[in-house]
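# Notes for the structure review
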Amino acid sequence: YLNVAEACYALCLGYDWLYDTFTPQERDAIWLAVKEKCFDTAKDNMTNCTGWAGVLNNWNQVCNGGIAIGALGMLERDPELCAHLVGCAVRNIPRSLADIGPDGCYPEGPTYWVYGTAYATYLMAALTSVMGSPSKHLGGFASARRRRTPANSTMASIKPNPAPTAHTMLSAKL
């Protein structure tokens with residue numbers, strides 16, 4: 001499922017960055033593809049914290065993070081579904097961060113530490129961009145032992161001002 005989550009991340013960033021260049025029909029086609037191929041296939045695992053969504057390795061961070069960032073990029077299309085997916089990711093990802101030792105040591109080694117925690121960090125940056133404040137909406141991230149994880153922040157532009165209804169639903173899920 002790594003490839004689906006990474007594709008969702010990339011496609012939804014492109015959707016957000018190029019939004020004004022797409023016709024309404026192109027936006028609809030992209031939304032329907034992302035919903036069907038990414039969100040609908042991820043929802044059960046993310047909701048129930050099963051399969052890749054609940055494992056204690058990099059798959060958790062990459063898959064939950066990729067889908068959640070995609071959901072933030074598509075928040076205005078289906079606020080209820082997207083807010084639900086983001087809320088699940090915020091709940092699920094800290095499970096895989098719990099094994100990071102006080103010295104920053106990761107059980108899978110440095111390569112997977114970078115790969116997995118990059119997606120957790122991308123999600124933190126995206127939540128900060130959308131919600132305005134990281135501290136109020138990161139939930140379980142604050143309790144995970146992540147003092148020495150990388151601080152990559154390459155999120156350039158997830159819509160900073162979602163529709164009020166979408167923003168309210170997302171706030172309620174976090």
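Please refer to the structure higher up on the page.
Let us look at the structure shown here. All values derive from a computational prediction rather than experimental measurement. (Residues numbered from 1 in each chain as written. Predicted model: local features only at pLDDT ≥ 70, side-chain atom pairs only at ≥ 80, totals over all residues. Heavy atoms only, no water.)

### With respect to the overall build of the protein chain
Under the convention used in this document: The helix count covers DSSP runs of H or I at least four residues long, the strand count covers runs of E at least two residues long, and both are numbered beginning at the N terminus. Here a residue-residue contact requires only that any non-hydrogen atoms of the pair lie within 4.5 Å. Calculation of accessible area relied on Shrake-Rupley with a 1.4 Å probe; when residues are assessed, cover is drawn exclusively from the protein chains displayed.
Tallying secondary structure elements over the protein chain gives seven helices and zero strands in all. In sequence order, the secondary structure elements of the protein chain are arranged as α-α-α-α-α-α-α. Considering only intrachain contacts with a sequence separation of at least 6, the fraction spanning at least 24 residues in the protein chain is 79%. Per element, the accessible surface of the protein chain, about 8,000 Å² overall, is 56% carbon and sulfur.

### Concerning the packing of aromatic side chains
Quick note on the threshold: Ring pairs are drawn from Phe, Tyr and Trp, using the six-membered ring of Trp, whenever the two centres fall within 6.5 Å, and their geometry is named by plane angle: stacked under 30 degrees, edge-to-face over 60, tilted for the rest. To sit over a ring, a charge needs its Lys NZ or Arg CZ within 6 Å of the ring centre and within 35 degrees of the ring normal.
A complete count under the given rule lists eight aromatic pairs for this structure. Geometrically, the ring pair formed by Y15 and F22 is stacked, given 6.4 Å between the ring centres and 20 degrees between the ring planes. By way of ring pairs, the aromatic residues Y9, Y115, Y119 and Y122 are connected into one cluster. Above the plane of the ring of Y19 lies R27, whose end atom (NZ or CZ) is 4.0 Å from the centre.

### A short note on the side chain of R27
Selection rule: In protein, a polar contact means a hydrogen-donor-capable atom and an acceptor-capable atom, both N or O and within 3.5 Å, with residues adjacent in sequence counting only if both atoms are side-chain atoms; elsewhere, any N or O pair within 3.5 Å suffices.
Residue position: R27 is located in helix α2 (residues 24–48). Side-chain polar atoms of R27 contact the backbone oxygen of F22, separated by 2.9 Å.

### Some points on the packing of helix α1 (residues 2–17) against helix α5 (residues 110–131)
This is how the line gets drawn: For every element, the axis is a line fit to its C-alpha atoms; helices are fit only across the contacting stretch, and the angle between N-to-C directions ranges from 0 to 180 degrees. Left-handed is the label given to a crossing in which the near helix is rotated counterclockwise from the far helix by less than a right angle, and right-handed is the label when the rotation is clockwise.
The interhelical angle for the contact between α1 and α5, taken along N-to-C directions, is 35 degrees, at an axis separation of 13 Å. As α1 runs across α5, the sense of the crossing is left-handed. From α1, L2, E6 and Y9 reach across to α5, where they touch Y115, Y119 and Y122.

### Quick look at the nonpolar core
General note: in soluble globular proteins, nonpolar side chains tend to be found buried as a group. Rules: Residues enter a nonpolar core if they are buried and are Ala, Val, Leu, Ile, Met, Phe, Trp, Tyr or Cys, with the set joined through side-chain atoms within 4.5 Å. Exposed residues in this analysis have more than 50% of their type's maximum accessible area, buried residues have under 20%, and partly exposed residues fall in between, with area computed by a 1.4 Å probe over protein chains only.
If you look at the biggest cluster of nonpolar residues, it comprises 48 residues, and the most contacted ones within it are V34, F39, M46, I67, M74 and L123. Elements with a contribution of two residues or more to this core: α1, α2, α3 (58–73), α4 (79–97) and α5. If one sorts the elements of this core by residue count, α5 sits on top with 11 residues. Apart from residues no more than four positions distant in its own chain, I67 is found in contact with Y1, A5, C8, C38, F39, A42, M46 and L85.

From the geometry alone we can't say anything about function, so treat these as descriptive.
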